[in-house]
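# Architecture and fold: a report
Each chain is listed here by its residues.
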Amino acid sequence: MPPDTQSAAVDIESRSGTLPSSVIDPARPAHSRCPLLFECVRLAWGNSRSSQLFVIALSGLVAILEWGRNDPLLIAVWFAYQGLAALYRLNWTRQFKEQNPQPDVAVQWRDRFVISCALSGLGWGASALLFLNPGDLPSGYAVMLFLTGVTAAGVPYQAAIPRAAILFSALITGAVAARLFSGSLIFVQMGVMALLYLATLITIILLVHRSIVNSLALRFENASLVAVLSDANRKIETANAELRAEISQRSAAESRLAHSLSLLQATFEATVDGILMVNNGGKVASYNQRFLRMWSIPESMLAGDRDRVALRHALGQLISPAEALRRMRERILQPNAECHDVIEFRDGRVFECFSKPQHVAGQCVGCVWSFRDITERYRVEQDLFFIANHDPLTGLLNRTMFYRRLNSRIIRCENHGGRFAVLFIDLDRFKNINDTLGHDAGDYLLKDVSRRLTETLRDTDVVARLGGDEFVVLLQDYADAADVDGIARKLLDAFAQPFVIDHREIRLSASIGISVFPDDSDDSSGLLKNADIAMYRAKDQGGSVYEFYAARPNLHSVDRLSLESKLQRAIEREEFTLHYQPRVDLRNGRIVCIEALIRWQHPDLGLVLPDTFIPLAEESGLIVPLGDWVLREACSQMHQFQERGLPPLRVAVNLSGRQFGQPDLMSRVSAALEAAHIDPGRLEVEITESMVMTDAERSIEILREMTARRIVVSIDDFGTGYSSLSYLKRFPIHNLKIDRAFITELPHDIDDAAITQAVIAMAHRLGLRVVAEGVEQSEQLLFLAANDCDEVQGYLVAKPMPAHEIEDLIRNGIDISVDAEPRHAPRQKSLGLRNS
């Protein structure tokens, strides 16, 4: 008898007690003295096929669930290993069935079964190392519970060969514990629990195995007794033996079931979540004690048929009981759906609620609700949301949130009709207060101003602080201009009372500019811009007044018609000229682009700046032919520069919203390029966020066509419009131009500095170049250079100038000094900025 066979026989005999002499006969061959071992082997291989099919299915499910959360290659390798291990075991299962081996080879088949279980245990253990994340508590619980379930599920199939079951469980649970010990304290505690679970499982395996062996021993004993009975009673005794074997098996199964139920109940009560199980009829099926404590429900309230009483008790604690009841009814009507809700209590607590259907034999029998207390996390999230969307000094909405509210109001009015007004408020001579009393006093005054504005306005109105001493108000609804007029007067009256700082009375006034939707503009940028223009008109009158952007239209209609007529004739006579402002690359000092800026050379009025006639051109539709002229003239000028031997620069042309909306935009651009005989790569078009967001999908098509032609595309005034990052990553653009509003106060304004740094970093991550416009001070330039801004444009570099002057500037180069005004000088290197 081989040594391993002898040890196996002794092992089984030591676990099962002394067998009858008829079963173990010393005169029989050695291998035949191991009938129990062979029967255990037969039981083990007999259950292998179904268990391995289940392993393949379960592994596939795990791979699908983890596919988007982990490396797909690792998941594929792991799944392939699991499949190969299962196929290995299925192959031996098939051979066992076909060969129908005899007891003399029991040891070999036992060892094969142990090897197959070890391979499967290694696969599941690897899943713990791959998918168990010690940094994610919910995920850690889920994976740990899943793997403990796998080990528990393996006991019925493997307990006949105890070393196989123990090895399988140890490989999985050991991997889980090792993974958990690499996490935080709570995961280390969970790792200890996993090891305790392994010890318990080993005990269960040994007990189950002993039960199996005892049952087999009893079976052999009955068979021996039957052998000595008469032939007449053989069939009856055989039936009795089979009945006793079945009872024994049922008893063992009941024992295992009791152990499983005990483990499930312990797990059920150990979870930190409150759990409630409800059947399809809406009746409470089960719950844990944590659920009762979380909802303060006495256990007696759930006894009998008092579910409705408990439901009313629970709903009475909520802020919105009707909404919670509605969601519960939806869940009952859709039993197979999963849902997630956040529930707020009147006492300030916040619960996160999950529901998942419960299936038995493929049929939905109810659902399981889990409740988790997320009060602290919810409060932190609310605080972070407030900080991100409100001014830290006054608590009013900040620029970003105000634009969201304004754009939302525009969409609502476009869909349902309505009017609203935007009031731009700027404090008069506020700088004097900062200079004389200090910034602390100025901050206190700004808080008091915010309070007065909020108290004066209606609850439906929106107040925001844009920065510094600039405030903006959105009047949501009004009947006519008289309503806006009255509110503006109330706001000015609110400033009539003196402000008190350190027992000192301070008189303060404000200038208010008003724009109206849709009369003055139909987009957020236009409304703010026009309200800003109206505010400066109010300041020109000495302050403490308000002005409408298009105030007293009857008085101004003649002037507007006259100016529109002159503008029409100016387009026909080409009374316009282009000035050019250079953009400089901060890395190599070269002028890389010049922006074309239109001027009206009026025969009587002289040189008219765009602020005077561009708004009228946009309103009247003349901006389209005017924009076409700018495009053609700029391309023609670039051709002339090319013929005179200047370096190959780009010319930047601003497109208006009306131009961008023209269906034949690309044919107009192509015609201008072909007429000037210049390469499309030397043209750069500047568009605003509001233009492309009006019809995002059409805008993407246009921009793709431009980039296909190698035309450079820039987003102008970035940060003042939608700033939608979800669309920004889809737009085929090359440059972002940071609006001058964020550059003006650099580097002293912390908010503007943070926004500028964030825009630069974000743009570079998206592969875009960043252009800062409105650079007028050396401090701004140094800040931008230190933060890797690509290009700058502004008076510090050069003012807009006619074509012949910009030609000289390109030839001679630019010197930008940190302590002097810009001057033209060849090959200067104050900051390394020069034209090559």
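Residues numbered from 1 in each chain as written. Predicted model: local features only at pLDDT ≥ 70, side-chain atom pairs only at ≥ 80, totals over all residues. Heavy atoms only, no water.

## Focus: the environment of Ala772
- Take Ala772: it is sitting in strand β20 (residues 769-773).
- The spacing of Ala772 and Asp739 is 33 residues in sequence and 7.1 Å in space, taken between C-alpha atoms.
- In contact with Ala772, other than residues within four places in its own chain, are Ile738, Ile743, Leu784, Cys789, Glu791, Val792 and Gln793. (Helix = DSSP H or I, 4+ residues; strand = E, 2+ residues; numbered from the N terminus. Contact = heavy atoms within 4.5 Å.)

## Quick look at the sheet that holds strand β2 (residues 284-287)
- With respect to topology, five strands assemble into an open sheet ordered β2-β1-β5-β4-β3, the strand pairing being antiparallel. Across the chains shown, the open sheet's two edge strands, defined by having one partner strand only, are β2 and β3 (339-344). For this sheet the average axis-to-axis angle between neighbouring strands, irrespective of direction, equals 25 degrees.
- Of the pairings in the sheet, the one linking β3 to strand β4 (residues 350-360) comprises six bridges and is antiparallel in character. Residue pairing for β4: Val342 is matched across the bridge by Glu352.
- Each of β3, β4 and β5 (363-373) is contacted by helix α12 (residues 321-333), which is oriented at about 160 degrees to β3, the strand it contacts most. (Pairing = 2+ DSSP bridges. Axes fitted to C-alpha atoms, helices over the stretch in contact; angles between N-to-C directions.)

## Examining unusual backbone geometry
- A cis amide bond, omega 5 degrees, links Phe517 with the succeeding residue Pro518.
- Note that Pro518 resides in the loop between β11 (510-517) and α18 (524-540).
- The step from Leu746 to Pro747 runs through a cis peptide bond, and the omega angle for that step is -5 degrees.
- For Pro747, the location among the structural elements is in the loop between α27 (740-743) and α28 (750-765).
- The phi torsion at Asp788 lies on the positive side, around 65 degrees, for a residue other than glycine.

## Things to note about the packing of aromatic side chains
- Using the criterion set out here, one finds 18 aromatic pairs in the structure.
- With a centroid separation of 5.5 Å and an interplanar angle of 85 degrees, the aromatic rings of Trp92 and Trp109 are classed as edge-to-face. With Trp92 in helix α4 (residues 72-99) and Trp109 in helix α5 (residues 106-131), this pair connects stretches of sequence that are 17 residues apart.
- For Trp109, a relative accessible area of 2% gives the class buried.
- A centroid spacing of 5.8 Å and a plane angle of 80 degrees characterise the contact between Trp295 and Phe351, whose relative ring orientation is edge-to-face. In this pair, Trp295 is assigned in helix α10 (residues 289-295) and Phe351 in strand β4, connecting sequence segments 56 residues apart.
- Trp295 gets classed as buried once you look at its relative accessible area, which sits at 5%.
- By relative accessible area, Phe351 is classed as buried at 1%. (Phe/Tyr/Trp six-rings, centres within 6.5 Å; stacked < 30°, edge-to-face > 60°. Buried < 20%, exposed > 50% of the residue type's maximum accessible area, 1.4 Å probe, protein only.)

## Some thoughts on the side chain of Gln581
- Within the fold, Gln581 resides in strand β13 (residues 576-585).
- Residue Gln581 is classed as buried on the basis of its relative accessible area of 7%.
- Polar side-chain contacts of Gln581 include one of 3.1 Å to the side chain of Gln793.
- Beyond its immediate stretch of four places on either side in the chain, Gln581 contacts Cys593, Ile594, Glu595, Leu597, Gln793, Gly794, Tyr795, Ala798, Lys799 and Pro800. (Polar contact = N/O pair within 3.5 Å; in protein donor to acceptor, adjacent residues only side chain to side chain.)

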